[in-house]
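Architecture and fold: a report
Listed below, chain by chain, are the residues.
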Amino acid sequence: MVKDFRPISLIRSLYKIIAKILANRLVGVLGDIVNEVQSAFIAERQILDGPFILNEILQWSKTKKKQSLIFKVNFEKAYDSVRWDFLDDILKKFGFGEKWCKWIQSCLRSSRGSILINGSPTEEFQFYKGLKQGDPLSPFLFILIMESLHLSFQRVVDNGMFNGIKLSSSLSISHLFYADDAVFMGQWCDGNISTLIHVLECFYRASGLRINMSKSKILGVNVDSDKVKGAASKLGCLILKTPFTYLGSKVGGSMSRVHAWNEVIDRVKNRLSKWKMKTLSIGGRLTLLKSVLGSIPIFHMSIYRAPLSVLRTLESIRSKFFKGHDINSNKASWVNWKKVLASKEKGGLGVSSLFALNRGLMFKWIWRFYTQNTLLWVRVVKAIHGDDGNVGGHVKSGAKSCWLDIVRETHALKTKGINLLDCMHVKLGNGDKTIFWEDIWIDGKTLKNRFPRIYSLESCKLITVGAKLAQPSLEYSFRRNPRGGVEQDQFNELSALVHDVSLIPMSDRWKWDLESSGDFSVASVRKIIDDKSLSDVDSKTRWIKYAPIKVNVHALKVKTDSLPTRFNVSRRGIDIDSIMCVICDNGVETSRHLFSYCCMVRQIVRKITRWWDVPYVEVESYEDWYNWLVNLRISSMHKQMFEGVFYVMWWHLWSFRNKFIFDSKPPSQALFFDDVVSMSFHWCRYRCYVSFSWYD
């Protein structure tokens, strides 16, 4: 008898819909419930915030010679061990209603499983604990479980039973979470270690989440190695050594050294070994280059400044892959790699350099420092480096810190004529979130630097723009009135500057000038850096959507004379039997001759113009052909298709020429035009939104 599984599949589909609805409702309130130490699945918090904070704390401890403890916890089968009764208690404590708790419990109890014995499944049985992997609701429920650990541990810290790392009078850090990845930190002492273990043991008794000591690791900063070994032996855990990996990013190492990036370079090489370059067209390689190969090092580049030699190595790997060469190959290169990196507006292919990517990702931290100044990592930076983060100050060359490397690189770009700080400013609303003297909200500079004598008279240094402009007069909060001379001149200038400022009933926000939306993007930083550093081409790249990528790339090679014609080969010092055109034998085979002068090409162009019913003109170069194309009186869509036909003709012509040289049987010239028409029809038809037939 065949069992009907349709009701079961229907129930499971219905459950997925309900779980997704509950997850969408829950994610909207998590930011208000979950503390800032948890950075997983919360709006505006990012996975790299944790490694960034750890790097800053480690460097601060080494600089201040503080004996510190870092304990990296590994939970044993975290998702599968959660007790449902504990989760229900947590939901009620957080204020979730009775109906919501019943919904969650119903979702949990809907999970069933079976075991394969000798390849045959047993009868399904009910689960009584654990969260389902892959369930959209599970990550958010687990975060609430971890929030209960935060609340318990924070009480222990508040009662003085565990001493965290005190960065300033107002900021002390004792733990960081990213879902089930937990790191505890504090002063190195036996009392701290014992308290930590007791708290985690109590948490296990309540929640079911047991610590896997064989995978947990302990690190002592500025602590004798024997003490660390003794503590690790007592706990039964491993010893953590710097640099170590946390959430996929290296922590505690010197990423300014070339060998620290060997792992990234090897990953790029290993990825290439899995792709069959010889079976990929140049269009396929360009697509993979943009989408995959350039994204592999993005995680490390988001925090650390990559050394120039590392960037050159990675660019060399990308260049050889694009050209279809092996990594260790020394074949001749016909395409200038800088032209490939340049944007299409500058005559390139828009790949963008890794240097620009690295600097753009680093500057994103500066943008977040100003726009999300309440986040935990921002407060860590302010506690260590000052309220302004030393962004506008001088950074010592020997200072080691992720943040200082970012600030230092921002200054380095400024010396090259790329001042990214000038691209961001405050768009004033009601003025309640903008500091009058310290924020850049008017005329591109801070008022305290522009009017230092007047700033010294201000008694309320952190007054907001809204509060300042609401006062009866500009000098209302000064400790005394200006006394003439420089003071009076600066006061008059300041008064004239803010006289026409008007506030509107909306919140202040930062605006990024390089995007019309005002929102920051790494792509805009990459573009401005590449446009400044990469070579320009006379005109922007023509890209026809009706033709394949490989055909568009070939057209760019025709335009830039980047093909291995016989003349170009001989010019490289390579001996060949002849430099004459193999098709007509009536001239030196240059790009200009092959695609413009050759008698066969001119015959094909005449046929194409008769086919499209446009006037024929003999052209002598790519520029002449483009000027003729621009002046044709046909619709823009038809003009793009017509240009695509020429791209296809050039592509087929180069293939025809290669077969003429290397194949034992030369191709037929009589079929050339028919092949161009056929290829143009099929490529355009499947890339055009308008359907048309062969007859059309």
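Our structure's up above, just so we're on the same page.
Before going into details, it helps to say that this report is about the structure given with it.

For the chain, the count of helices and strands is 27 helices and 15 strands. Across the 696 residues in the chain, those meeting the buried criterion constitute 47%. For the chain, contacts bridging at least 24 residues in sequence account for 67% of all contacts bridging at least 6. Between the averaged position of the 99 positive side-chain charges in the chain and that of its 66 negative side-chain charges there is a distance of 4 Å.

So, about the sheet that holds strand β8 (residues 175-178). One open sheet holds the 5 strands; their spatial order is β8-β9-β1-β10-β11, and the pairing between them is mixed. Pairing within the sheet leaves two strands with one partner each, and these edge strands are β8 and β11 (238-239). Relative to β11, strand β10 (residues 217-221) is paired through 2 bridges, and the arrangement is parallel. The partner of Ile218 across the bridge, within β11, is Ile239.

Once that is clear, we can look at the environment of Leu209. Inspection of the secondary structure assignment puts Leu209 in the loop between α6 (190-207) and β10. Residue contacts for Leu209: discarding those within four places in its chain leaves Phe75, Ala78, Ser81, Val82, Phe142, Ile145, Met146, Phe203 and Tyr204.

Quick look at the pairing of β8 now. On β8, burial covers both faces: His175 and Phe177 on one face and Leu176 and Tyr178 on the other are all buried. The pairing of β8 with strand β9 (residues 181-187) spans 4 bridges and is antiparallel. Opposite Leu176, over in β9, you have Val183 as the bridge partner. Counting the residues between successive antiparallel strands, the hairpin from β8 to β9 contains 2 residues, one of them, Ala179, with a positive phi of roughly 55 degrees.

Spacing of three or four residues puts side chains on the same side of an α-helix, whose turn is 3.6 residues. With 18 residues, helix α13 (residues 354-371) ought to run about 26 Å at 1.5 Å a step, and its terminal C-alpha atoms sit 26 Å apart, in line with that. Counting buried positions over the 18 residues of α13 gives 15, a clear majority of the element.

Here we come to the packing of α13 against helix α14 (residues 376-385). Across the interface, α13 lies against α14 with an axial gap of 10 Å and an inter-helix angle of 95 degrees. Between α13 and α14, the angle is such that the two are roughly perpendicular. Counting all contacts with α13, which are made through Trp365, Arg368 and Phe369, the residues of α14 involved are Trp377, Val378, Val381 and Lys382.

Let us now look at unusual backbone geometry. Among all residues save glycine, negative phi is the norm, and among peptide bonds the norm is trans. For the peptide bond that leads from Thr242 to Pro243, omega is -5 degrees, which places it in the cis range. Tracing the backbone shows Pro243 in the loop between β11 and β12 (244-246). The residue Phe41 is not glycine, and still its phi comes out positive at about 60 degrees. Along the chain, Phe41 turns up in the loop between α1 (6-33) and α2 (49-64).

Within this structure, the stated rule accounts for 44 aromatic pairs. Here the aromatic rings of Phe52 and Trp403 are separated by 6.5 Å at their centres, their planes lie at 85 degrees, and the arrangement is edge-to-face. Of this pair, Phe52 sits in helix α2 while Trp403 sits in helix α15 (residues 402-415), placing them 351 residues apart in sequence. With respect to class, Phe52 is no different from Trp403; both count as buried. A network of ring pairs unites the aromatic residues Phe595, Trp611, Trp612, Tyr622, Trp625, Trp628, Phe642, Phe646, Tyr647, Trp650 and Phe673 as a single cluster.

This part is about a nonpolar patch on the surface. Together, Phe567, Ile574, Ile576, Ile579 and Val588 make up an exposed nonpolar region whose accessible area comes to about 340 Å². You can see Val588 is positioned in the loop between α22 (566-571) and α23 (591-597). Look at Val588 and you get partly exposed, because its relative accessible area is 33%.

What counts and how
Residues numbered from 1 in each chain as written. Predicted model: local features only at pLDDT ≥ 70, side-chain atom pairs only at ≥ 80, totals over all residues. Heavy atoms only, no water. Helix = DSSP H or I, 4+ residues; strand = E, 2+ residues; numbered from the N terminus. Buried < 20%, exposed > 50% of the residue type's maximum accessible area, 1.4 Å probe, protein only. Contact = heavy atoms within 4.5 Å. Lys, Arg positive; Asp, Glu negative; His and termini not counted. Charge placed at Lys NZ, Arg CZ, Asp CG, Glu CD. Pairing = 2+ DSSP bridges. Expected span 1.5 Å × (residues − 1). Axes fitted to C-alpha atoms, helices over the stretch in contact; angles between N-to-C directions. Parallel < 35°, antiparallel > 145°, perpendicular 65-115°, else oblique. Phe/Tyr/Trp six-rings, centres within 6.5 Å; stacked < 30°, edge-to-face > 60°. Patch = residues over 30% accessible without salt bridge, like charges linked within 9 Å, V, L, I, M, F, W, Y side chains within 5 Å. Areas by Shrake-Rupley, 256 points an atom, 1.4 Å probe, with all protein chains shown as cover. Salt bridge = Lys/Arg side-chain N within 4 Å of Asp/Glu carboxyl O.

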